[in-house]
Amino acid sequence: QVQLVESGGGLVQAGGSLRLSCAASGRTFSSYAMGWFRQAPGKEREFVATITWSDNTYYADSVKGRFTISRDNAKNTVYLQMNSLKPEDTAVYYCGVADHHRSIYYRDTDDYDYWGQGTQVTVSS
């Protein structure tokens, strides 16, 4: 069965950096979109970034210029490099995989078929 395991979260001061990883197992996703979402307490899960099967990348306006999504197909892993972190970036970060090619931007949670368990990112001021 498919499993996605996130890692790399933690506590960091504002202005700091973290690198999240999401390793997929159970099948190969090199030909499919992988993305990152986040959910803060009391809020809905929101789009952060995605990388498509053709390596196009898309970002939420709130993270553009600070976060970078990348993938290593040999490791079946997607990364999220987060720089210049702000307290408002505090959330549980989830990775997802889309098991289809129907979408263009993959910005909605409905675009994704598999999810990881999440990793907590806390940014202190």
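Bear in mind the structure is a predicted one, so any value in this text is a computation, not a measurement. (Residues numbered from 1 in each chain as written. Predicted model: local features only at pLDDT ≥ 70, side-chain atom pairs only at ≥ 80, totals over all residues. Heavy atoms only, no water.)

### A closer look at the sheet that holds strand β1 (residues 3-7)
Hydrogen bonds between backbone groups are what pair the strands of a sheet, and the pairing can be parallel or antiparallel.
Point 1. Reading across the sheet, the 4 strands line up as β1-β3-β8-β7 and stay open at both edges, with antiparallel pairing between neighbours. Every other strand in the sheet has two partners, leaving β1 and β7 (67-72) as the edge strands with one partner each. On average, adjacent strands in this sheet sit at an angle of 15° to one another, irrespective of strand direction. (Pairing = 2+ DSSP bridges. Helix = DSSP H or I, 4+ residues; strand = E, 2+ residues; numbered from the N terminus. Axes fitted to C-alpha atoms, helices over the stretch in contact; angles between N-to-C directions.)

### Digging into the pattern of salt bridges
Point 1. Tallied over the entire structure, the rule returns 5 salt bridges.
Point 2. Asp89 is paired through a salt bridge with Arg38; the nearest N and O atoms lie 2.9 Å apart. Placement of Asp89 in the loop between β8 (77-82) and β9 (91-97) and of Arg38 in strand β4 (residues 34-39) is noted, with a sequence separation of 51 residues between them.
Point 3. For Asp89, a relative accessible area of 1% puts it in the buried group.
Point 4. In this structure, a network of salt bridges that share partners links the residues Arg38, Glu46, Arg66 and Asp89. (Salt bridge = Lys/Arg side-chain N within 4 Å of Asp/Glu carboxyl O. Buried < 20%, exposed > 50% of the residue type's maximum accessible area, 1.4 Å probe, protein only.)

### Details of the packing of aromatic side chains
Point 1. In total, this model carries 8 aromatic pairs according to the counting rule given.
Point 2. With a centroid separation of 5.7 Å and 75° between ring planes, the pair formed by Phe37 and Phe47 is classed as edge-to-face. With Phe37 in strand β4 and Phe47 in strand β5 (residues 46-51), the pair connects residues that are 10 residues apart, well separated along the chain.
Point 3. Of the residues examined, Phe37 reaches a relative accessible area of 1% and is grouped as buried.
Point 4. Note on Phe47: relative accessible area 11%, which makes it buried.
Point 5. One residue, Arg19, lies across the ring of Tyr79, its end atom 4.0 Å from the ring centre.
Point 6. Over the ring of Tyr94 we find Arg45, and its NZ or CZ is 3.6 Å from the ring centre. (Phe/Tyr/Trp six-rings, centres within 6.5 Å; stacked < 30°, edge-to-face > 60°. Lys NZ or Arg CZ within 6 Å of the ring centre and 35° of its normal.)

### What about unusual backbone geometry?
Point 1. Phi at Asp55 takes a positive value of approximately 70°, unusual for a residue other than glycine.
Point 2. Here Asp55 is to be found in the loop between β5 and β6 (57-59).
Point 3. With relative accessibility at 46%, the residue Asp55 sits in the partly exposed group.
Point 4. The backbone of Asn76 shows a phi angle near 55°, a positive value even though the residue is not glycine.
Point 5. In this structure Asn76 comes out as buried when scored by relative accessible area, which is 12%.

### Focus: the environment of Thr28
Point 1. The topology assignment puts Thr28 in the loop between β3 (18-25) and β4.
Point 2. Residue class for Thr28 comes out exposed when judged on its relative accessible area of 52%.
Point 3. When the C-alpha atoms of Thr28 and Val2 are compared, they prove to be 9.4 Å apart, with 26 residues separating the residues in sequence.

### Side note on the nonpolar core
Point 1. In terms of nonpolar packing, the biggest core is built from 36 residues, with Trp36, Val48, Phe67, Ile69, Leu80, Met82 and Tyr93 touching the most fellow members.
Point 2. Those elements that place two or more of their residues in this core are β3, β4, β5, β6, β7, β8, β9 and β11 (119-124). (Core = buried A, V, L, I, M, F, W, Y, C linked by side-chain atoms within 4.5 Å.)

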